[in-house]
Each structure stands twice: as structure tokens, then as C-alpha cells.
Amino acid sequence: MSSANSLAVEDLGSAAQRDRRKRILDATIKLASSGGFDAVQMRAVAEQADVALGTLYRYFPSKIHLLVSALQREFERTDVFMREHPVDGDTTAERVINVLKRTTRGMQSDAKLTEALTRAFMFADSSVAAEIHQVGMLLTSMLTRVMHPERPADELTEEDVAIARVIGDVWLSALVGWVTGRTSAAETGQQIEVAVKLLLRD
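- As recorded in an unreviewed UniProt entry, the protein chain goes by TetR family transcriptional regulator and comes from Nocardioides mangrovi.

## With respect to the UniProt feature "domain: HTH tetR-type" (unreviewed entry) in the protein chain
Working step 1: Here, the residues flagged by UniProt with the feature "domain: HTH tetR-type" (unreviewed entry) are residues 18–78.
Working step 2: Along residues 18–78, the helical share is 80% and the strand share 0%, with 20 Å between the first and last C-alpha atoms.

## Remarks on empty space enclosed by the protein
Working step 1: The final tally for this structure, using the stated rule, is one cavity of 30 Å³ or more.
Working step 2: The calculated volume of the largest cavity comes to roughly 50 Å³.
Working step 3: Of the residues forming the lining of the largest cavity, the biggest block, four residues, is contributed by helix α7 (residues 129–147).
Working step 4: A breakdown of the residues in the lining of the largest cavity according to their chemical character gives eight nonpolar, one polar and no charged.

## Overview of the UniProt feature "DNA-binding region" (unreviewed entry) in the protein chain
Working step 1: Mapped onto the present numbering, the UniProt feature "DNA-binding region" (unreviewed entry) falls at residues 41–60.
Working step 2: Strand forms 0% of residues 41–60 and helix 75%; the C-alpha atoms that close the span are 12 Å apart.

## Quick word on the nonpolar core
Working step 1: Residues Ile-24, Phe-75, Val-96, Leu-100, Trp-171 and Val-196 are the most contacted members of the largest nonpolar core, which totals 55 residues.
Working step 2: Per-element tally for this core: the top contributor is helix α8 (residues 158–179), with nine residues.
Working step 3: If we ignore the near neighbours within four places in the chain, the residues touching Trp-171 are Phe-75, Leu-100, Thr-103, Thr-104, Met-107, Leu-139 and Ile-192.

## Considerations on the packing of aromatic side chains
Working step 1: Counting across every chain of the model gives two aromatic pairs.
Working step 2: Relative to Phe-123, the ring of Phe-37 lies with its centre 5.5 Å away and its plane at 80°, an arrangement referred to as edge-to-face. Here Phe-37 is found in the loop between α1 (15–35) and α2 (42–49), whereas its partner Phe-123 is found in helix α6 (residues 111–123), with 86 residues between them in sequence.
Working step 3: Note on Phe-123: relative accessible area 43%, which makes it partly exposed.
Working step 4: Summarising the aromatic geometry, the rings of Phe-75 and Trp-171 are spaced 5.7 Å apart at their centres and angled 40° between planes, so their arrangement reads as tilted. Taken as a pair, Phe-75 in helix α4 (residues 63–84) and Trp-171 in helix α8 lie far apart in primary sequence, 96 residues in all. Assigned by exposure class, Phe-75 and Trp-171 land together as buried.
Working step 5: Over the ring of Phe-37 we find Lys-63, and its NZ or CZ is 3.9 Å from the ring centre.

About the thresholds
- Residues numbered from 1 in each chain as written.
- Predicted model: local features only at pLDDT ≥ 70, side-chain atom pairs only at ≥ 80, totals over all residues.
- Heavy atoms only, no water.
- UniProt positions renumbered as here; feature names shortened; annotations may be inferred.
- Helix = DSSP H or I, 4+ residues; strand = E, 2+ residues; numbered from the N terminus.
- 1 Å grid on protein atoms, 1.4 Å probe; cavity = no way out; pocket = protein on both sides within 12 Å on 5 of 7 lines; lining within 4 Å.
- Points joined across faces, edges and corners; volume = space filled by probe spheres on them.
- Nonpolar A, V, L, I, M, F, W, Y, C, P; charged D, E, K, R; others polar.
- Core = buried A, V, L, I, M, F, W, Y, C linked by side-chain atoms within 4.5 Å.
- Buried < 20%, exposed > 50% of the residue type's maximum accessible area, 1.4 Å probe, protein only.
- Contact = heavy atoms within 4.5 Å.
- Phe/Tyr/Trp six-rings, centres within 6.5 Å; stacked < 30°, edge-to-face > 60°.
- Lys NZ or Arg CZ within 6 Å of the ring centre and 35° of its normal.

Put into C-alpha cells, the structure is as follows:
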């Protein structure tokens with residue numbers, strides 16, 4: 001794999017470049033939804049997005065970079081939805097469980113896409129560190145906001161952030177178990193619920 005990073009939206013100076021990046025990610029998600037991880041081939045993505053193969057590699061150095069960036073965009077969409085639809089729950093644990101179950105159900109409803117995105121996350125090495133970091137930061141931000149909806153981000157404690165990171169790691173691990181067939185959808189939800197209740201005792 002290349003050691004270069006993907007080009008994020010903030011790296012792109014023109015509307016045409018941002019549109020090209022969007023088309024590439026749209027094509028990636030479409031291919032993954034129809035055929036899973038193996039269906040996402042760089043040449044197929046380039047053709048679907050109507051960009052030159054060399055251009056695709058300038059935006060995303062590898063298939064793993066591409067899929068992890070697609071995972072980030074899916075999380076960004078979830079984040080927007082959460083901001084517009086507050087999560088129910090009388091306690092911190094209930095709110096976190098509800099948002100993770102909602103997100104899990106959404107991902108499980110598109111099994112091939114989830115398989116592709118999760119496998120890319122599993123296969124990522126140090127060359128994809130920047131993209132993995134962005135996914136982790138986004139997930140942590142989503143969880144801390146649900147944990148403490150009344151608290152501005154700059155008032156979160158180190159413990160708040162650490163707990164959110166552990167919960168995020170448990171959730172991703174549970175999702176990997178489901179993708180690889182080691183656990184059922186029901187077992188995935190149960191694992192998440194147990195972990196959250198242990199970490200968040202109101």
C-alpha cells in the first residue's frame with residue numbers, strides 16, 4: 001500500500017474536485033452494496049465514477065484508503081441524522097445503547113456494504129492511520145455528545161473521551177463478529193448493551 005493519505009474534503013480547493021471525490025465515494029458505496037468487499041476494485045470504481053484511474057489513485061492511494069474513507073462518510077451521515085433526531089433515553093447508558101443499536105441496525109440492513117467497510121477497517125495498516133484516526137475521532141465525538149448532550153465539547157473530561165473510545169472499540173469489535181459470522185445480530189446487540197452498562201453506571 002501507498003503511504004500517502006487520502007485527499008479529504010478540506011484538501012480540495014474547487015467545487016469540481018469536491019464533486020469528483022463525492023462521485024468516487026458514491027461509486028464505492030454502490031459497488032460495495034451490490035457485491036461486498038471483493039466488488040470494490042479500483043478500475044471498477046474509476047469507471048463507475050467516470051474518472052481516470054490515475055485520478056482515483058491521487059484521491060485515494062488504495063482500496064483500503066477508499067473504503068475506510070467511505071466508512072467515515074457513512075458515520076458523518078449518521079452524525080447528521082443524530083443531530084436532527086435526538087436519542088431517547090433517561091440515562092447515559094440508555095442513550096448510548098439506543099444510538100449504537102440504531103446505527104448497528106442501519107448497517108446490518110445493508111450487509112454487503114457493512115462487510116466491505118468493516119473488512120477494510122480490519123485490514124488497514126499504518127499507511128491508513130490518518131483515515132482510521134478520522135473514523136475514530138468521529139465515532140468518539142458522536143458518543144460523547146450522546147453521553148453528555150448538555151456539555152460543550154471543550155468541557156468534556158479525559159475520562160469521558162476514554163470511555164467513549166472504549167465503547168467505540170467494543171462496538172466495532174462486535175460488528176466484526178457479526179460480519180465474520182461469529183455472532184448473530186441479537187448477540188451483537190447484547191454484547192454492546194452489556195459493555196455500555198458496565199462502563200456507564202449512572
